[in-house]
Amino acid sequence: MNKYLRVFQSIYIHPFLWAVIGIGVITAHFYELCLLLLIILVHELGHALAAAHFSWRIKRIALLPFGGVAEMDEHGNRPLKEEAIVTIAGPLQHIWMVALGYIAYEQGVMSEYLFHSFLEFNLMIFCFNLLPIWPLDGGKVLFLFLSLKKSFPAAHKITLLLSLTVTLLFLGAILLYMPTNLNAWIILLFLWFSLFYEWKQRRYIFLRFLLERYYGKTNELRKLMPIEVKEEELLFHVLERFHRGCKHPIVLKKGKVNHSLDENEVLHAYFAEKLVTAKISDLLYR
């Protein structure tokens, strides 16, 4: 139970959000803003509580001036099934929230205006978050889907490129239908900044994935996926073929003889022995 209670201790309110709340009071939109913030908070708590169930490390649940984010200290080595559950746990919260709002409206607890606003906000956040754009939930689902067939760095790169493509379509929609909507421009700029930052950090993110794979303590049974290599292949190029959720025996076929290495031997050579420019043959024949 404590791990679930600790989730609520991780809630963080961005200082600029207080300014937005103040503007809401001045412009007589305080109740609508409270509804929106409540919906965003419940959405992010859905992610965080699901993550707590699987004993993930939760950094914080941040309420921002333009939305919210549940930040996890995990680096892609959790089972894909777990990551899928944590990702969709946020959007699923909108189903019961809408049902509860309808009951409150029918019982006269919520006015028609507030109910329609509540319904509109839920639908807006639900649909927006499912767009295949990183770091939205839809972008994370896309990353998980690509990870079923692609290596970690390849799936990550394709996710970012597809996300950029969708944001360009989003830009076209803004220019056509709501060119004066300041909120839409702020959201678009935030998405572009997130993609730019993720792209610049992609190598570091991959190394962090490998480091946790090497140093992390897990008893998870992973699918065996042998990687066939050549003698002159660099260790890092082999590591770039690592998949999420898989255990990789490294196999070198030479004539009728198969030489094999455990993936931990390659990780140990790269990180512990600092053989960053070594080849597979350096490990096999030393």
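Sequence order sets the numbering: in each chain, residues are counted from 1 along the sequence as written. For a predicted model such as this one, the threshold for reporting local features is a pLDDT of at least 70, and the threshold for listing and counting side-chain atom pairs is 80 or more; totals across whole chains, interfaces and linings nevertheless cover every residue. Excluded from the side-chain calculations are hydrogens and water; all other atoms, namely the structure's heavy atoms, are used.

Looking at the pattern of salt bridges
Then, number 1: One speaks of a salt bridge when a side-chain nitrogen belonging to Lys or Arg is within 4 Å of a carboxyl oxygen belonging to Asp or Glu. For the coordinates displayed, the defined rule picks out 10 salt bridges.
Then, number 2: Here Glu212 ties to Arg57 by a salt bridge, and the two come within 2.6 Å at their closest N and O atoms. You can see Glu212 sitting in helix 9 (residues 202-215) and its partner Arg57 sitting in the loop between helix 3 (30-53) and strand 2 (58-64), a full 155 residues away along the chain.
Then, number 3: Measuring nitrogen to oxygen at the nearest pair gives 3.0 Å for the salt bridge that ties Lys279 to Glu232. Helix and strand labels come from DSSP, where a helix needs a run of H or I of at least four residues and a strand needs a run of E of at least two; each type is numbered from the N terminus.

A closer look at helix 4 (residues 80-106)
Then, number 1: Spanning 27 residues, helix 4 covers 40 Å between terminal C-alpha atoms, matching the ideal 39 Å at 1.5 Å per step.
Then, number 2: A residue's bend is the angle separating two fitted axes: one through the seven residues that end there, the other through the seven that start there. Taking the largest bend as the criterion, helix 4 deviates by roughly 40 degrees, centred on Ala89, and proline Pro91 comes between one and four positions later.
Then, number 3: Restricting attention to buried positions, one finds in helix 4 the residues Glu82, Glu83, Val86, Thr87, Ala89, Gly90, Pro91, Gln93, His94, Met97, Gly101 and Ala104.
Then, number 4: By definition, residues are in contact when any of their heavy atoms lie within 4.5 Å. The inward-facing, buried residues of helix 4 contact helix 3, strand 3 (67-72), helix 5 (112-129) and helix 6 (137-147).
Then, number 5: Note on helix 4: the residue one or two positions beyond its end, Gly108, has a positive phi of about 80 degrees. In this scheme, a helix's expected span is set at 1.5 Å multiplied by one less than its residue total. When a residue's accessible area, from a 1.4 Å probe over protein chains only, is under 20% of the maximum for its type it is buried; when over 50% it is exposed; and in between it is partly exposed.

A few points about unusual backbone geometry
Then, number 1: A cis amide bond links Trp134 to the next residue, Pro135, at an omega of 15 degrees.
Then, number 2: Position of Pro135 among the secondary structure elements: in the loop between helix 5 and helix 6.
Then, number 3: One non-glycine residue, Ser55, lies in the positive phi region at around 60 degrees.
Then, number 4: With respect to the helices and strands, Ser55 occurs in the loop between helix 3 and strand 2.
Then, number 5: For Ser55, a relative accessible area of 47% corresponds to the partly exposed category.

Some details on the UniProt feature "domain: Peptidase M50" (unreviewed entry) in the protein
Then, number 1: The positions that UniProt labels "domain: Peptidase M50" (unreviewed entry) are, in the present scheme, residues 33-104 and 107-169.
Then, number 2: End-to-end, the C-alpha atoms of residues 33-104 are 19 Å apart, and along that stretch the chain is 64% helix and 18% strand.
Then, number 3: The distance from the first to the last C-alpha atom of residues 107-169 is 42 Å, and the span holds 75% helix and 0% strand. UniProt positions are given in the numbering used here, feature names are shortened, and annotations may be inferred rather than shown by experiment.

Structural notes on the environment of Tyr4
Then, number 1: Tracing the backbone shows Tyr4 in helix 1 (residues 2-9).
Then, number 2: Residue class for Tyr4 comes out partly exposed when judged on its relative accessible area of 25%.
Then, number 3: In sequence terms Tyr4 and Ser55 are 51 residues apart; their C-alpha atoms lie 9.6 Å from each other.
Then, number 4: Look past the residues within four positions of Tyr4 in its chain and what remains in contact with it is Leu49, Ala52 and His53.
Then, number 5: Any N or O atom pair separated by 3.5 Å or less is treated as a polar contact, with the protein-specific requirement of one donor-capable and one acceptor-capable atom, and with residues adjacent in sequence counted only for side-chain atom pairs. Only 3.0 Å separates the side chain of Tyr4 from the side chain of His53, close enough to count as a polar contact.

Quick word on the sheet that holds strand 1 (residues 11-13)
For sheets, the rule is that strands pair by backbone hydrogen bonds, running either parallel or antiparallel.
Then, number 1: Any two strands are treated as partners once DSSP identifies two or more bridges connecting them. Reading across the sheet, the three strands line up as 1-2-3 and stay open at both edges, with mixed pairing between neighbours. In this open sheet, the two strands that pair with only one neighbour each are strand 1 and strand 3. Neighbour-to-neighbour, the strand axes of the sheet open up by a mean angle of 20 degrees, direction not taken into account.
Then, number 2: Pairing geometry for strand 1 and strand 2, over three bridges, is parallel. Counterpart to Tyr12 in the pairing with strand 2 is Ala62. Axis definition: a line fit to C-alpha positions, over the contact stretch in the case of helices; interaxial angles, taken between N-to-C directions, run 0 to 180 degrees.

Focus on the packing of aromatic side chains
Then, number 1: Aromatic pairs are defined between Phe, Tyr and Trp rings, using the six-membered ring for Trp, whenever the two ring centres lie within 6.5 Å; interplanar angles under 30 degrees are classed as stacked, those over 60 as edge-to-face, and all others as tilted. Enumeration over the complete set of coordinates arrives at 14 aromatic pairs.
Then, number 2: Ring centres 6.4 Å apart and planes at 20 degrees place the aromatic pair Phe193 and Tyr197 in the stacked group. Of this pair, Phe193 and Tyr197 both sit in helix 8 (residues 182-200), four residues apart, roughly one helical turn.
Then, number 3: Summarising the aromatic geometry, the rings of Tyr214 and Phe271 are spaced 6.3 Å apart at their centres and angled 20 degrees between planes, so their arrangement reads as stacked. On the criterion of sequence distance, the pair formed by Tyr214 in helix 9 and Phe271 in helix 11 (residues 263-272) is long-range, its members being 57 residues apart.
Then, number 4: Among the aromatic residues, ring-to-ring pairing joins Trp134, Phe143, Phe152, Phe206, Phe209, Tyr214, Tyr215, Phe236, Tyr270 and Phe271 into one connected group.
Then, number 5: Lysine and arginine charges are scored as sitting over a ring when NZ or CZ, respectively, is within 6 Å of the ring centre and within 35 degrees of the ring normal. Across from the ring centre of Trp199, 3.9 Å away, lies the NZ or CZ of Arg202, which sits over that ring.
Then, number 6: In this arrangement the basic side chain of Arg244 is found over the ring face of Phe143, its NZ or CZ atom lying 4.6 Å from the centre.

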